[in-house]
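# Secondary and tertiary structure notes
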Amino acid sequence: MTVRTRFAPSPTGYMHLGGMRTALFNWLWAKKNNGQFILRIDDTDQQRNLDEALAPILHAFKWLGLHWDEGPEVGGPLGPYFQSQRGELYREAGERLIANGKAYKDFDSPDAIKADREAAEKEKRNYLNVRRSLELTADQIAKHESDDLPYVVRLLVPRDRTVAIEDAIRGHVEWNCGLIPDPVIQRNDGSALYNFATVVDDAALQITDVIRGEEHLTNTAIQVLIYDALGLDLPRFAHIPYVAAPASKEKLSKRKLDKYEKHRAFRKLFEQAERLISQLGRSKDDRLNPVLVSFYEEVGYLPAGLLNSLVRLGWSLDDKTEYFSLDDMVRQFSLDRIIKSPAGFDPDKLLDYQSHWINELTIEARTELCLPYLLEAKLIKSSDTDSRAFVGRLIVALGDRLKVASDILDHSDFFTADSALPFDEKAFKKRVLKVGAPELLAKFRARLEATESFDAGSLDKLMHDFVETEGIGIGDIIHAVRVAATGKGNGPGMFDCLELLGQSACLKRIDRALAKASAAMES
RNA sequence: GCCCCCAUCGUCUAGAGGCCCAGGAUGCAGGAUUCUCAGUCCUGAGACAGGGGUUCAAAUCCCCUUGGGGGUACCA
């Protein structure tokens, strides 16, 4: 039988990291088995602007390259793939269960149920439905119905048995049905509840493997009873642990950001977002929430980096392999190597995967990633051949300093006008305002002006000759040159920086630094 | 309260009775390289939640405790 897995998001308007990890495991398992991955939209509570709420979710899948075989936009033979359009199926299944005596119409008011529950609690007794509606005669039921007395449909739980599954991750899990109250499967208006709709849909969509978060493990008891009542075969279940927040075993949550902000590793993510906000003049929006997939796309992470990080949350191949491309994952993924305990999302580890994968990229590919940020920041005017070439050279010089695409914004000094270059005050003071430094800088400037060749190699030689004739160490001059030319105390190799800037820019910038230095000396 | 699940370095994990005074990765600290930063290389600190069993032998199996999580809805 072909393996068919599914991911069933509610159209919430965003894609959570934890949900994405669940989706990834489903996708991988399907692909690994040459099966199909289905996207079903659980839009039971009739949203008004469905498209708007769904778009970011579909976009996240597309961005990561996790394409679905059936679902929204692509359709498929077993559609529709929206629960809101499958009401007829649930109604039909509900009627069948009532006809079979596997479910019943419960005319008890919510208040009556509540009273039963409270009474049980008071007596420290486990609550079970009193099932008064089961005592009703056919005539009484007909009367209630003609009176339009509201009712819900409840599954009649067989209290004398147990229900068990062989979970692919947890192994044998068993429940005593004598402890399970009869769950509502259909509301008064005929709409289906989650546990019911899910079973009907998973069966209709021929899902063979249900891989989902462990928060659904308890639901599974009820769902298995529904499968049984409907005479359906059980899929294989795999309940994976949730993705936890840093420094806790709590579920990673979209709403607990201020807590994560205090976490050392997480703070790096917030800083990346702040860089976008300050350098691109963006406003703070929901997409820049590091619990959401959109954050990583916005900041310039690679799908490969995020994917690698997600797959390693709760899954490993062996005791040493850390880096997995999507193809590697498809080849090597397996359910039996998923761990049972929750895994905390670690931004440090993500950054390591990210820098691994970005360094696998060609310079051209990295350039393409960085250009949009430079354009948005107005550091370059267009992405023409010249800009591409220049950015490419910068990226070569940056080497593995460039970890996420928006890191390019940290190197605006290569793009700003010479007359507007900001100097890092601390570095300036330390390197340029040092005794004797301006004099050396001025002398070296003269050499820079006189030289014919301005490539890194020649500049290196030029500097060494200079150092030798002056009888100083290279450290006595190179830092001052760096600060004068780039405004900063650190960065790529100094000679690469000078070459990138070019002769005239370097001279202008050094002049500006010298002027600033003499002004500072006087005061 | 009741039911279910989980428990190895800060973090991600390897480990399915002897290979483990517990291995890798990341992070951290120190050193080397170097013009800074990043990287690279080397070194270091760092864990089997606790208690009972079973066994010649337990991180691994069983029980209890503790801790964490989930469910207990006319949410999904």
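Remember, predicted model here, so these are calculated numbers, not experimental data.

This part covers the overall build of chain A. Per the secondary structure count, chain A includes 21 helices and eleven strands. Relative to the globule expectation of 24 Å for 523 residues, the C-alpha radius of gyration of chain A, 32 Å, shows a markedly less compact shape. Summarising its shape, the C-alpha atoms of chain A cover approximately 110 × 50 × 40 Å along the three principal directions. Considering chain A as a whole, with its 523 residues, one finds that 49% of them fall into the buried category. Considering only contacts within chain A whose residues lie at least 6 apart along the sequence, 72% involve residues at least 24 apart.

Here we come to a negative patch on the surface. A surface patch of negative charge is lined by Asp258, Glu261, Glu271 and Glu274. By the element assignment, Glu261 lies in the loop between α8 (257–260) and α9 (264–279).

Bringing helix α17 (residues 437–450) into the picture now. Look at α17: 20 Å from first C-alpha to last across 14 residues, which is about the 20 Å you get at 1.5 Å a residue. Against α16 (425–431), α18 (456–470), α19 (478–486) and α21 (503–522) lie the buried residues of α17.

This next bit is on the layout of surface pockets. Reported here for the largest pocket is a volume of approximately 750 Å³. Lining the largest pocket are 29 residues, and of these Phe7, Ala8, Gly19, Glu215 and His216 lie nearest its centre. Mapped onto the lining of the largest pocket, the elements with two or more residues apiece are β1 (4–7), α1 (17–32), α6 (194–204) and β8 (209–213). Broken down by element, the residue count for the lining of the largest pocket peaks at four residues, all from α1.

Turning our attention to the pattern of salt bridges. Per the stated rule, a full pass over the model turns up 44 salt bridges. For Arg509, the salt bridge goes to Asp418, with nearest N and O atoms at 2.8 Å. Taken together, the residues span a long stretch of sequence, with Arg509 in helix α21 and Asp418 in the loop between α15 (385–398) and α16 at a distance of 91 residues. Accessibility expressed as a relative area gives 1% for Arg509, which makes it buried.

A word on the confidence of the model for chain A. Scored by pLDDT, chain A has a mean of 94; 99% of the residues are at 70 or more. Model confidence for the complex: the whole-complex pTM is 0.95, and ipTM, which rates the interface, is 0.95.

As a further point, take α18. A rise of 1.5 Å per residue sets the reference length of α18, with its 15 residues, at 21 Å; its end C-alpha atoms lie 21 Å apart and thus fit the reference within 8%. Turning to α18, its buried residues are Ala456, Leu459, Leu462, Met463, Phe466 and Val467. Down the axis, α18 shows its buried residues gathered within 135° of arc, on one side only. Exposed residues on α18 whose side chains face more than 90 degrees from its buried face are Lys461, Glu468 and Thr469. Where α18 is buried, its residues meet α17, α19 and α20 (494–501). Once α18 ends, the next one or two residues include Gly471, with phi positive near 70°.

Moving on to the packing of α1 against helix α11 (residues 303–311). Between α1 and α11, whose axes approach to 10 Å, the crossing angle comes to 85°. Between α1 and α11, the interaxial angle falls into the category roughly perpendicular. Across the interface between the two elements, Leu17, Met20, Arg21, Leu24, Phe25 and Leu28 of α1 pack against Leu306, Leu307, Leu310 and Val311 of α11. Taken together, the residues that form the contact of α1 with α11 break down as nine nonpolar, no polar and one charged.

Not every one of the 59 residues close to RNA strand B is listed here, only the nearest: Arg170, Arg187, Gly314, Arg401 and His479. Asn219 has a polar side-chain atom sitting 2.9 Å from a base nitrogen of RNA strand B. For the surface near RNA strand B, the elements supplying multiple residues, two or more each, are α4 (110–122), β4 (152–155), β6 (171–176), α7 (217–229), β11 (343–344), α13 (347–358) and α19.

In total, this model carries 18 aromatic pairs according to the counting rule given. Pairing Tyr296 with Phe345 gives two aromatic rings, centres 6.3 Å apart and planes at 80°, and the pair type is edge-to-face. Of this pair, Tyr296 sits in helix α10 (residues 293–299) while Phe345 sits in the loop between β11 and α13; the two residues are 49 residues apart in sequence, bridging distant segments of the chain. Consider the rings of Phe390 and Phe415, whose centres lie 5.6 Å apart with planes at 85°: the pair is edge-to-face. With a gap of 25 residues between them, Phe390 in helix α15 and Phe415 in the loop between α15 and α16 connect regions that are remote in the sequence. Phe415 gets classed as buried once you look at its relative accessible area, which sits at 15%.

This part covers the pairing of strand β9 (residues 236–240). Where burial is concerned, most of β9 is hidden: four out of the five residues are buried. Relative to β9, β8 runs parallel, the two being bridged by five bridges. Its bridge partner being in β9, Asp209 is matched across the sheet by Arg236. This β-α-β element, β8 to α7 to β9, shows right-handed connectivity.

Turning next to the side chain of Gln186. Take Gln186: it is sitting in strand β7 (residues 184–186). Since its relative accessible area comes to 5%, Gln186 is described here as buried. At a separation of 3.1 Å, a polar atom in the side chain of Gln186 contacts the main-chain carbonyl oxygen of Gly190. In contact with Gln186, other than residues within four places in its own chain, are Tyr90, Arg91, Gly94, Val152, Val153, Ser191, Ala192, Leu193 and Phe196.

The subject of this paragraph is empty space enclosed by the protein. This model, assessed by the stated rule, comprises one cavity of 30 Å³ or more. When its volume is computed, the largest cavity comes out at roughly 30 Å³. In terms of lining residues, the largest cavity is bounded by Lys268, Leu269, Gln272, Tyr301, Pro347, Asp348 and Leu351. Where the lining of the largest cavity is concerned, the elements lending two or more residues are α9 and α13. In the lining of the largest cavity, the residues fall into four nonpolar, one polar and two charged.

Criteria and cut-off values
- Residues numbered from 1 in each chain as written.
- Chains lettered and ligands numbered in written order.
- Predicted model: local features only at pLDDT ≥ 70, side-chain atom pairs only at ≥ 80, totals over all residues.
- Heavy atoms only, no water.
- Helix = DSSP H or I, 4+ residues; strand = E, 2+ residues; numbered from the N terminus.
- Rg over C-alpha atoms; globule rule 2.2 N^0.38 Å.
- Buried < 20%, exposed > 50% of the residue type's maximum accessible area, 1.4 Å probe, protein only.
- Contact = heavy atoms within 4.5 Å.
- Patch = residues over 30% accessible without salt bridge, like charges linked within 9 Å, V, L, I, M, F, W, Y side chains within 5 Å.
- Areas by Shrake-Rupley, 256 points an atom, 1.4 Å probe, with all protein chains shown as cover.
- Salt bridge = Lys/Arg side-chain N within 4 Å of Asp/Glu carboxyl O.
- Lys, Arg positive; Asp, Glu negative; His and termini not counted.
- Charge placed at Lys NZ, Arg CZ, Asp CG, Glu CD.
- Expected span 1.5 Å × (residues − 1).
- 1 Å grid on protein atoms, 1.4 Å probe; cavity = no way out; pocket = protein on both sides within 12 Å on 5 of 7 lines; lining within 4 Å.
- Points joined across faces, edges and corners; volume = space filled by probe spheres on them.
- pLDDT = per-residue confidence, 0-100.
- Arc of directions from axis to C-beta.
- Axes fitted to C-alpha atoms, helices over the stretch in contact; angles between N-to-C directions.
- Parallel < 35°, antiparallel > 145°, perpendicular 65-115°, else oblique.
- Nonpolar A, V, L, I, M, F, W, Y, C, P; charged D, E, K, R; others polar.
- Near = heavy atom within 4 Å.
- Polar contact = N/O pair within 3.5 Å; in protein donor to acceptor, adjacent residues only side chain to side chain.
- Phe/Tyr/Trp six-rings, centres within 6.5 Å; stacked < 30°, edge-to-face > 60°.
- Pairing = 2+ DSSP bridges.
- Right-handed = clockwise from strand over helix to strand, strands pointing away.

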